[in-house]
Amino acid sequence: MAPSLSEEELAELRAGQMLAFDPPDHTRLRRMLTPEFTMRRMRRLEPRIVEIVDAALDDLERSGKPADLVSTFALPVPSLVICELLGVPYADRAEFQHRTARLLDMSLPMEQRMALSRESRAYMGGLVAQAQSAPGEDMLGMLVREHGDDLSTAELVGIAGLLLVAGHETTSNMLGLGTLALLRHPEQLAMMRDDPAQVEPAVEELLRWLSIVPAGVPRTTTTEVKIAGHTIPAGEQVVLALPGANRDPALVDNPERLDITRGAPGHVAFGHGVHHCLGAPLARMEMRIAFPALLRRFPGLALAVPYEEVKFRAFHAVYGLQSLPVTW
């Protein structure tokens, strides 16, 4: 049962959380962030992402085999990218990664998750205060300089927290699960490793096939609607199953099969409409760089344990792995 919150507390927790708003409130917040996530801006980040990926691969090679690909590669790469983008100290990564993993663990009592949410907001509040006193060249600094009069401190904290969680939790799980999927389909792994033209469609197919965010934010119908012969009255809460949409036979033929050659046009792994993931260009770029770099550095990459022993995360808001033991 959810703890009772005052109106003030609810407003504080919702501030800056774009997923919790519809236009025009959502439009106002998103408009301030959209310029930071254009493809043109992302291309300027590409050389730095290449450096981050190469450094992580160097560390992985030095650590020796077998190794846990989640803790040594899949998690550090997007964490460092989003830390640099936002202006979050990378030295704090272990703390916020641990807190985020527990915050998204749906098996924990609501009271405990609310406490974690408050801890997260307190941490981000400290970073926002630093940015307000001395704005840097990172995204937090940009928001303070260019929109400081339009955004409240609570909104800045909410925006920064949302981007930090979304920026490392989702992409890291795609890198871990995507590598596992390719190891289970070695002919497709070889295509992605050896043919640069296959990288982009492979990323899109992995996004569709894995659908690591299983459900969108619950929505409420504003009018009666009929879908597939079912009537949903106005005022009903609706939860959308994104994996169901991505494995709809109307979208692709034989949807249960992983086929990196088709590119999966029209998938909704990043959502749809006004709430389509703002960071999609960044996530795609990280995967387009990281997957082939990993596979080319370690052409003999293989599971270090039987598939049945790979540990998945249970009861989690984002589908992922606890660990991925590999050798090469």
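First, a word on scope: everything that follows refers to the structure included in this document.

Rules used in this analysis
- Each chain has its residues counted from 1, following the order in which its sequence is written.
- Where totals are concerned, whole chains, interfaces and linings use all residues; where local detail is concerned, this predicted model gives features only for residues with pLDDT of at least 70, and gives and counts side-chain atom pairs only at 80 or more.
- Side-chain numbers here rest on the full set of heavy atoms in the structure, without hydrogens or water.
- Helical segments are the DSSP runs of H or I of at least four residues, strand segments are the runs of E of at least two, and each set is numbered from the N terminus.
- Note that the radius of gyration is over C-alpha atoms, with the globule rule given as 2.2 Å times the number of residues to the power 0.38.
- For every residue, the accessible area obtained with a 1.4 Å probe (protein chains only) is divided by the maximum for its type, and the residue is called buried under 20%, exposed over 50%, and partly exposed between those limits.
- Every accessible area reported is derived by Shrake-Rupley at a probe size of 1.4 Å, with residue values counting cover from the shown protein chains alone.
- His residues and chain termini do not enter the charge count, which takes Lys and Arg as positive and Asp and Glu as negative.
- To locate a charge, take atom NZ for lysine, CZ for arginine, CG for aspartate or CD for glutamate.
- The axes are straight lines fitted to the C-alpha atoms, using for helices just the contacting stretch, and the angles between their N-to-C directions are given from 0 to 180°.
- Orientation labels follow simple angle bins: below 35 degrees gives roughly parallel, above 145 gives roughly antiparallel, 65 to 115 gives roughly perpendicular, and whatever is left gives oblique.
- A clockwise turn of the near helix away from the far one marks a right-handed crossing, whereas an anticlockwise turn of less than a right angle marks a left-handed crossing.
- The contact definition used throughout considers only heavy atoms, calling two residues in contact when any of these lie within 4.5 Å.
- Here a helix's expected span is defined as the number of its residues, less one, multiplied by 1.5 Å.
- For two strands to pair, DSSP has to find at least two bridges joining them.
- Remark: nonpolar core denotes a set of buried residues (Ala, Val, Leu, Ile, Met, Phe, Trp, Tyr, Cys) joined through side-chain atoms within 4.5 Å.
- Note on definitions: salt bridges are taken to be side-chain nitrogens of Lys or Arg within 4 Å of carboxyl oxygens of Asp or Glu.
- The rule is short: rings of Phe, Tyr and Trp, with Trp giving its six-membered ring, pair when the centres are within 6.5 Å, and they are stacked under 30 degrees, edge-to-face over 60, tilted in between.
- Charge over a ring is defined by NZ of Lys or CZ of Arg lying within 6 Å of the ring centre and within 35 degrees of the ring normal.

### Focus: the overall build of the protein
So, step 1. Counting its secondary structure elements, the protein contains 13 helices and seven strands.
So, step 2. For 328 residues, the compact-globule estimate of 2.2 N^0.38 gives 20 Å, and the protein sits close to it at 20 Å.
So, step 3. The buried share among the 328 residues of the protein stands at 46%.
So, step 4. Working note: accessible area of the protein is about 16000 Å², and carbon and sulfur atoms make up 55% of it.
So, step 5. Side-chain charges of the protein comprise 32 positive and 42 negative groups, with the mean position of each set lying 3 Å from the other.

### Some remarks on the packing of helix H5 (residues 76–86) against helix H9 (residues 153–183)
So, step 1. The geometry of H5 relative to H9 is characterised by a closest axis approach of 8 Å and an angle of 160° between their N-to-C directions. As judged from the angle between their axes, H5 and H9 are roughly antiparallel. The handedness of the crossing between H5 and H9 is right-handed. Packed against H5, whose contacting residues are Pro78, Ser79, Ile82 and Leu86, the element H9 presents Ala160, Leu163, Leu164, Gly167, His168, Thr171, Ser172 and Leu175 at the interface.

### Thoughts on the side chain of threonine 179
So, step 1. Relative to the helices and strands, threonine 179 resides in helix H9.
So, step 2. Under the relative-accessibility criterion, threonine 179 is labelled buried at 2%.
So, step 3. Apart from the residues within four sequence positions on either side, threonine 179 is in contact with Leu69, Met174, Phe291, Leu294, Leu301 and Leu324.

### Focus on helix H13 (residues 280–297)
So, step 1. Over its 18 residues, H13 runs 26 Å from end to end, which matches the ideal 26 Å to within 8%, given 1.5 Å per residue.
So, step 2. With 14 of its 18 residues buried, H13 lies for the most part within the structure.

### Comments concerning the sheet that holds strand E1 (residues 67–68)
Within a beta sheet, neighbouring strands are joined by backbone hydrogen bonds and run either parallel or antiparallel to one another.
So, step 1. The strand order across the open sheet formed by three strands is E1-E7-E6, and the pairing between neighbours is antiparallel. In this open sheet, the two edge strands, each paired with only one partner strand, are E1 and strand E6 (302–303).
So, step 2. Here two bridges tie E6 to strand E7 (residues 325–327), and the two strands are oriented antiparallel to one another. By the bridge assignment for E7, leucine 303 is matched with valine 326.

### A closer look at the nonpolar core
So, step 1. Judged by nonpolar contacts, the single largest core of 87 residues is most densely connected at Val53, Phe73, Met139 and Met192.
So, step 2. Broken down by element, this core gets its largest block of residues, 15 residues, from H9.
So, step 3. Those residues in contact with methionine 192 that sit more than four places away from it in its chain are Leu182, Gln198, Val199, Ala202, Val203, Ile260, Phe291, Pro292, Leu295 and Arg296.

### Observations regarding the environment of aspartate 150
So, step 1. Secondary-structure assignment places aspartate 150 in the loop between helix H8 (139–147) and H9.
So, step 2. By relative accessible area, aspartate 150 is classed as partly exposed at 44%.
So, step 3. Note: C-alpha distance between aspartate 150 and leucine 29 (121 residues apart in sequence) is 9.5 Å.
So, step 4. When sequence neighbours within four positions are dropped, the list of residues in contact with aspartate 150 reads Arg28, Met32 and Glu155.

### Quick look at the pattern of salt bridges
As a working rule, side chains carrying opposite charge can pair if their charged atoms are close by.
So, step 1. Scanning all chains against the criterion turns up 14 salt bridges.
So, step 2. A salt bridge links arginine 297 to aspartate 58, with the shortest nitrogen-to-oxygen separation between them at 3.0 Å. Of this pair, arginine 297 sits in helix H13 while aspartate 58 sits in helix H3 (residues 39–63), and the two are 239 residues apart along the sequence.
So, step 3. For glutamate 169, the salt bridge goes to arginine 313, with nearest N and O atoms at 2.7 Å. Of this pair, glutamate 169 sits in helix H9 while arginine 313 sits in the loop between E6 and E7, placing them 144 residues apart in sequence. In this pair, the class of glutamate 169 matches that of arginine 313, namely buried.

### Thoughts on the packing of aromatic side chains
Geometrically, a pair of aromatic rings is defined through the distance of the ring centres and the angle of the planes.
So, step 1. Summed over all chains, the structure comprises three aromatic pairs.
So, step 2. Measuring from centroid to centroid gives 6.1 Å for phenylalanine 312 and tyrosine 319, while their planes differ by 10°, and the two rings are stacked.
So, step 3. These aromatic residues form a ring-pair network of at least three members: Tyr307, Phe312 and Tyr319.
So, step 4. Positioned above the aromatic ring of phenylalanine 21 is the side chain of arginine 14, whose terminal nitrogen or guanidinium carbon lies 4.6 Å from the ring centre.
So, step 5. The lysine or arginine in question, arginine 184, covers the ring of tyrosine 307, its NZ or CZ lying 3.6 Å from the ring centre.

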